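Listed here are the chains, written in short residue letters.
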Amino acid sequence: HHWISLVREIFYFLIFLTVITIVFVKNGEIKNLVHDSKELRFLFVIGFFVGTVYFHRFFMKMMNHFLHVGIITDRRIVDHNKTLFFTDTMDAIDMGQIQNIERVSEGLLPNLFKYGDIKIYLSSSAAYRTLTCVPNDKFHFRCITRQKESLQLSMRDRQHDGITISTPDQQKSTFTTAPKG
């Protein structure tokens, strides 16, 4: 994912840090107010609890951003989505099942910061998979397209040379090659 997806969270975190800084600067005045009233003491404890939860949430989002990884190989595209505690999913798309690829980069910010979405249409059904906020989307689009075309070309060459490779569903592989020249 592109770093632009974290801008809103960083902006809110800066506001949170500003409020915390003001609380520390005005610490003496807050002590005098809280010391006299049980309601304000309770409000301060609730505020401290909410601030702690928000602080934890922000850093969890930062860590999860860096743990979500996409990998493009010569045979497949792997989307590994991992969080610190609960989620660890991997989704792989075989290059041979890709029918079409579309790059979507609409608006000022995506074109200025060079990120966008890549839609991958699968040949087996009308389904598609969208990779969102891909940094340097033009490069990744070209990379996927080159790998897809390379795989298709090698499969055509194999068929031309007489090599037959069965699918895993048929549970067999036969290799028959005709002698060359």
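Look above for the structure.
For clarity, every value in this text was computed on a predicted model and none was experimentally measured. (Residues numbered from 1 in each chain as written. Predicted model: local features only at pLDDT ≥ 70, side-chain atom pairs only at ≥ 80, totals over all residues. Heavy atoms only, no water.)

What follows deals with the pattern of salt bridges. The full count for this structure, using the stated rule, is 5 salt bridges. Between D137 and R103 there is a salt bridge, and its shortest N-O distance comes to 3.1 Å. With D137 in helix α5 (residues 137-160) and R103 in strand β4 (residues 98-104), this pair connects stretches of sequence that are 34 residues apart. For R103, a relative accessible area of 32% corresponds to the partly exposed category. Through salt bridges with shared partners, a single ionic network connects E9, R57 and K61. (Salt bridge = Lys/Arg side-chain N within 4 Å of Asp/Glu carboxyl O. Helix = DSSP H or I, 4+ residues; strand = E, 2+ residues; numbered from the N terminus. Buried < 20%, exposed > 50% of the residue type's maximum accessible area, 1.4 Å probe, protein only.)

A few words on the sheet that holds β4. With antiparallel pairing, the 3 strands of this open sheet are ordered in space as β4-β5-β6. Sheet topology places β4 and β6 (128-135) at the edges, where each strand pairs with a single neighbour. Taking each pair of neighbouring strands and ignoring which way they run, the sheet shows an average axis angle of 20°. Where β4 and strand β5 (residues 115-122) come together, 6 bridges link them in antiparallel fashion. In the sheet register, N100 faces β5, and the bridge partner there is Y121. Sheet strands in contact with α5 are β4, β5 and β6, and its direction is about 165° off that of β4. (Pairing = 2+ DSSP bridges. Axes fitted to C-alpha atoms, helices over the stretch in contact; angles between N-to-C directions. Contact = heavy atoms within 4.5 Å.)

Everything listed here is a matter of geometry and, on its own, says nothing about what the molecule does.
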